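Single-letter residue listing:
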There are 2 protein chains.
Amino acid sequence: MTDKRQLLIDTALELFYRRGVNSVGINEVLSASGVAKKTLYHHFSSKNALLLAVLEQRHRVFIGWLAQQLEGAGSNDEVIERLFNGLSAWFEGRVPQLGDYRGCFFVNTCAELSDTDSEVSRYCQYHKWQVRQLIAGALTGESDTLLDAVCLLKEGAISTAYVAQEKCIAERCVQVLRGF
Amino acid sequence: MTDKRQLLIDTALELFYRRGVNSVGINEVLSASGVAKKTLYHHFSSKNALLLAVLEQRHRVFIGWLAQQLEGAGSNDEVIERLFNGLSAWFEGRVPQLGDYRGCFFVNTCAELSDTDSEVSRYCQYHKWQVRQLIAGALTGESDTLLDAVCLLKEGAISTAYVAQEKCIAERCVQVLRGF
DNA sequence: GTGATGGTAGACAGGTCGGTCTACTTTTGT
DNA sequence: ACAAAAGTAGACCGACCTGTCTACCATCAC
């Protein structure tokens, strides 16, 4: 029933993430998935609606992966180590469910938008907030400064790993956090 | 002589930064600047060539502004304070020559590209490297870890200020760096 | 004067975009 | 068995895209 719908989301996520939302047309999603155009517009009212479904899927996958990375960590040091080890693996393409690294899908999508106040950009905001909450839950203690440090370094690493092509940047985040 | 050329670059920078490179067509740049299409293609071989010129201009302006922010700082603490005060002003739109904040133009442009290995993405890489060099020159001492910390937090702040709309994030970077 | 240069306006070509629609087939629930 | 739902292929629409081209105008060096 929702078979084709899921296929469309999977195909679109792959294409949108790899090449950018604006660079991939509906027709390409259709030919890559082998689904008819009518079917797409049966499940989604527009390309934008498809994009929202794609972002939701990516969010679920990413949060699931991150939670799994962090679970069972005993100390803050261990949380930090696991987080940035995970990022390192992502940057090097060693996390199958996240695909070949091409930056943060949510950041990239925001960058492609003309409208700063759209539903899409609000969803990206929500995603980043959820990630922060997940990390906050893993860290023990009440230090907002440590949480800020970890989140900002994480974000910096994600950006730098992509734009400056520095795949080993995550290890340097851990180094930075050692002086904390 | 290069009057129209400069006008095209200025207009394109304004439009490309505000709304994204792929969302702005050549015709819009032309009508906004009041220049004829023939003239654009007389000065630039393609939209991509125009984009490169726009990036170069943005690079010059940004580096100039940053150098001015950092000059005359006596200590590392002062460098940090000036850097993140500057970023704060940028995020809040108080730096006229950088325009209303819409993230890092170079990061955004990379995100819009399909091709990871193009001349444009290499220029963005170069820009980030130059910014790092400028900060490295302002900081005294040999600590690569401090340099990493500053650059990664800076990058994290740029991303977070845009995607999560947290304009006051730069001050929290300074807070983080105090524990250093 | 005259030819090179840089400029104007805008038609045009060839293609892609998102989205609608017709006509037909397959699957599925009851 | 049969109707509703979900699927197929693909023509078509109007709009927009980059880039080329014609035809004409203004300036200026020599």
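Refer to the preceding data block for the structure.
Throughout, residues of each chain are indexed from 1 in the direction in which the sequence is written. Ligands are numbered from 1 and chains lettered from A, in the order in which they are written. Only residues with pLDDT of at least 70 get local features here, since the model is predicted, and only at 80 or more are side-chain atom pairs given and counted; chain-wide, interface and lining totals rely on the full set of residues. The basis for every side-chain value is the complete set of heavy atoms in the structure, and neither hydrogens nor water enter the calculation.

Caption draft 1: Quick look at the side chain of Lys154 of chain B. Each helix is a run of DSSP H or I of at least 4 residues and each strand a run of E of at least 2, with the numbering of both proceeding from the N terminus. Looking at where Lys154 of chain B falls in the secondary structure, it is placed in helix α8 (residues 144-163). In this description, contact between two residues means that some pair of their heavy atoms is separated by no more than 4.5 Å. Setting aside residues no more than four positions away along its own chain, Lys154 of chain B makes contact with Phe84, Leu87, Val131 and Ile135 of chain B.

Caption draft 2: The state of the cysteines, seen in detail. Sulfur atoms of two cysteines make up a disulfide when they are within 2.5 Å. With the rule as written, the count across this model stands at zero disulfides over all chains. Of all cysteine sulfurs, the one in Cys173 of chain A lies closest to Cys168 of chain A, which takes part in no disulfide; the gap is 11 Å. The thiol of Cys151 of chain B is not disulfide-bonded; the next cysteine sulfur, from Cys173 of chain A, is found 12 Å away. Cys151 of chain B gets classed as buried once you look at its relative accessible area, which sits at 8%. Burial classification: accessible surface area is computed with a 1.4 Å probe over protein chains only, and a residue below 20% of its type maximum counts as buried, one above 50% as exposed, and the rest as partly exposed.

Caption draft 3: Main features of the pattern of salt bridges. All names here are of chain B. Should a side-chain nitrogen of Lys or Arg be within 4 Å of a carboxyl oxygen of Asp or Glu, the pair is scored as a salt bridge. Summed over the entire model, instances satisfying the criterion amount to 18 salt bridges over all chains. For Arg18, the salt bridge goes to Glu14, with nearest N and O atoms at 2.8 Å. Here Glu14 and Arg18 lie together in helix α1 (residues 3-19), a separation of four residues that amounts to about one turn. Between Glu92 and Arg94 there is a salt bridge, with its nearest N and O atoms 2.9 Å apart.

Caption draft 4: Region of the structure containing the relation of the copies chain B and chain A. Superposing copies: least-squares fit, C-alpha atoms only, residues required to have pLDDT of at least 70 in both. Mapping chain B onto chain A calls for a rotation angle of 180° and an axial translation of 0.0 Å; the resulting RMSD is 0.0 Å. A rotation of that kind, with that shift, is consistent with a two-fold axis. Relative to the rotation axis, the C-alpha of Gly156 of chain B is the closest in chain B, positioned 1.9 Å from it. Most of the interface of chain B is mirrored in chain A: 100% of its interface residues are interface residues there too.

Caption draft 5: A look at the protein's contact with DNA strand C. One heavy atom within 4 Å of a molecule or strand makes the whole residue count as near it. Around DNA strand C sit 18 residues, and of these Ile26, Lys37 and Lys47 of chain A together with Thr39 and His43 of chain B come closest. Counting only atoms of DNA strand C within 4 Å of the protein, the fraction found in sugar and phosphate groups is 56%. In protein, a polar contact requires one atom able to donate a hydrogen and another able to accept it; more generally it is a pair of N or O atoms within 3.5 Å, and residues adjacent in sequence count only if both atoms are side-chain atoms. One nitrogen or oxygen atom from the side chain of Lys37 of chain A is found 2.4 Å from a base oxygen belonging to DNA strand C. Ala36 of chain B places a main-chain nitrogen or oxygen 3.3 Å from a phosphate oxygen of DNA strand C. Only α3 (37-43) of chain A together with α3 (37-43) of chain B provide two or more residues apiece to the surface near DNA strand C. Among the elements that line the surface near DNA strand C, the one with the most residues is α3 of chain B, at five residues. When its residues are assigned to classes, the surface near DNA strand C shows six nonpolar, six polar and six charged. We call Asp, Glu, Lys and Arg charged. Ala, Val, Leu, Ile, Met, Phe, Trp, Tyr, Cys and Pro are nonpolar, and the rest, Gly among them, are polar.

Caption draft 6: View of the nonpolar core. Core analysis: the largest hydrophobic core is formed by 134 residues, its most contacted members being Phe84 and Trp90 of chain A together with Phe84 and Trp90 of chain B. Contacts of Phe84 of chain A, omitting those with residues within four sequence positions, involve Val150, Leu153, Lys154, Ala170, Cys173, Val174 and Leu177 of chain A. Take the buried Ala, Val, Leu, Ile, Met, Phe, Trp, Tyr and Cys residues and link them wherever side-chain atoms come within 4.5 Å; each set so joined is a nonpolar core.

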